[in-house]
Amino acid sequence: MFTGIIEEVGTVLSLRRGARSGVLRLRGRKIFSDLKLGDSVAVNGVCLTATERGGDWFAADVMHETLDRSSLGDLRVGSPVNLERAMAADGRFGGHIVSGHIDGTGVITGIRSDDNAVWYTVQTPSRLMRYIIEKGSIAIDGISLTVARAERDRFQVSIIPHTARETILSTRRVGDTVNLENDVVGKYLEHFLAVSNGKETRDRPITREFLTRAGF
C-alpha cells in the first residue's frame, strides 16, 4: 500500500520490451536507503516489484496487463518518474490509500497558472469519471491529489508549488498521458452494494435512489 506522497523523482535507465512484457531499470537516490529485492515501489503510480538492484538502481518486470493499463510503455531512457516505496507500518499517512493498481489513463487537456498554483485539466473515460467526485481523492502518476472540479468527461486539480517541484507534474505538457488510480473506497462500496442486491455488475451507476433502496 502507498500514500501518494512521492519520495523522489528517479530516471529511466532502460526499458527492454519483449513481445508481451518488459523489464524496466530505474535510477534514484533516496529510496535505496533500505530497498530490498522483492520490495514494492510505485513508479508513476504503478506498483512494481524490485527484482534486481545495484547501489543506485533497481530493475522490475512489467507485465502485458500493466503496459496496457498504464503509460509505462511510453517511457524512454532518461524519462523522469515518480518513485514511492510501500508505506511503512509506523509511517505517517500523509496522502490517501493508494494501491498502485492503475484503473486507466487520462490525457492532460489544459494547464494554466493561477497565482502560485497551477491547474491541470485531465480528460478520461466515463468508466473512470464515475468514481471521481469534487473534493474527492485521485492519484495522478502516483501523486495523491484532491479533485477541485469534476465534469462529465474531465476533472481538474490545483497543484501547489511544492508538489510541482517534488514530482514530474512540472514536466507534463498538454497532450501527455497520465496514470490514474481512483479512490479505492468508492470502488469497494459499489461492489459491496451490487453483491448485496444480488446483481454483481459494474454497469449500474450509484444514485441517491439506489442507495436509499439499499438501506443507506
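Residues numbered from 1 in each chain as written. Predicted model: local features only at pLDDT ≥ 70, side-chain atom pairs only at ≥ 80, totals over all residues. Heavy atoms only, no water.

Enquirer: Could you give me a rundown of the pattern of salt bridges, with the residues and numbers involved?
Expert: Close approach of charged atoms lets side chains of opposite charge pair. Within this structure, the stated rule accounts for nine salt bridges. Arginine 69 serves as the salt-bridge partner of glutamate 65, at 2.6 Å between the closest nitrogen and oxygen. Of this pair, glutamate 65 and arginine 69 are both found in helix H1 (residues 64-69), four residues apart, which corresponds to roughly one turn of the helix. On the basis of relative accessibility, which here comes to 46%, the residue glutamate 65 falls in the partly exposed class. The salt bridge partner of arginine 172 is aspartate 141, with a shortest N-O separation of 2.7 Å. Of this pair, arginine 172 sits in the loop between helix H3 (161-166) and strand E12 (177-182) while aspartate 141 sits in the loop between strand E9 (137-140) and strand E10 (143-150), and the two are 31 residues apart along the sequence. The exposure classification of arginine 172 matches that of aspartate 141, with both residues buried. The network of salt bridges with shared partners includes Glu7, Asp34 and Arg85. (Salt bridge = Lys/Arg side-chain N within 4 Å of Asp/Glu carboxyl O. Helix = DSSP H or I, 4+ residues; strand = E, 2+ residues; numbered from the N terminus. Buried < 20%, exposed > 50% of the residue type's maximum accessible area, 1.4 Å probe, protein only.)

Enquirer: Quick rundown of the sheet that holds strand E7 (residues 104-114)? Include the residues and the values.
Expert: Read around the barrel, six strands follow the order E7-E8-E11-E10-E9-E12 and close on themselves; strand pairing throughout is antiparallel. Strand-to-strand, the axes of this sheet are offset by a mean angle of 45 degrees, without reference to chain direction. (Pairing = 2+ DSSP bridges. Axes fitted to C-alpha atoms, helices over the stretch in contact; angles between N-to-C directions.)

Enquirer: Describe the sheet that holds strand E6 (residues 80-85), with residues and values.
Expert: Sheets are built from strands paired through backbone hydrogen bonds, the pairs being either parallel or antiparallel. Spatially, E1-E2-E5-E4-E3-E6 is the arrangement adopted by the six strands of the closed barrel, whose pairing is antiparallel. With direction set aside, neighbouring strand axes in the sheet form an average angle of 45 degrees. Sheet analysis places strand E1 (residues 8-17) next to strand E2 (residues 22-27), joined by six bridges and oriented antiparallel. Directly across from leucine 15, in E2, lies its bridge partner leucine 24.

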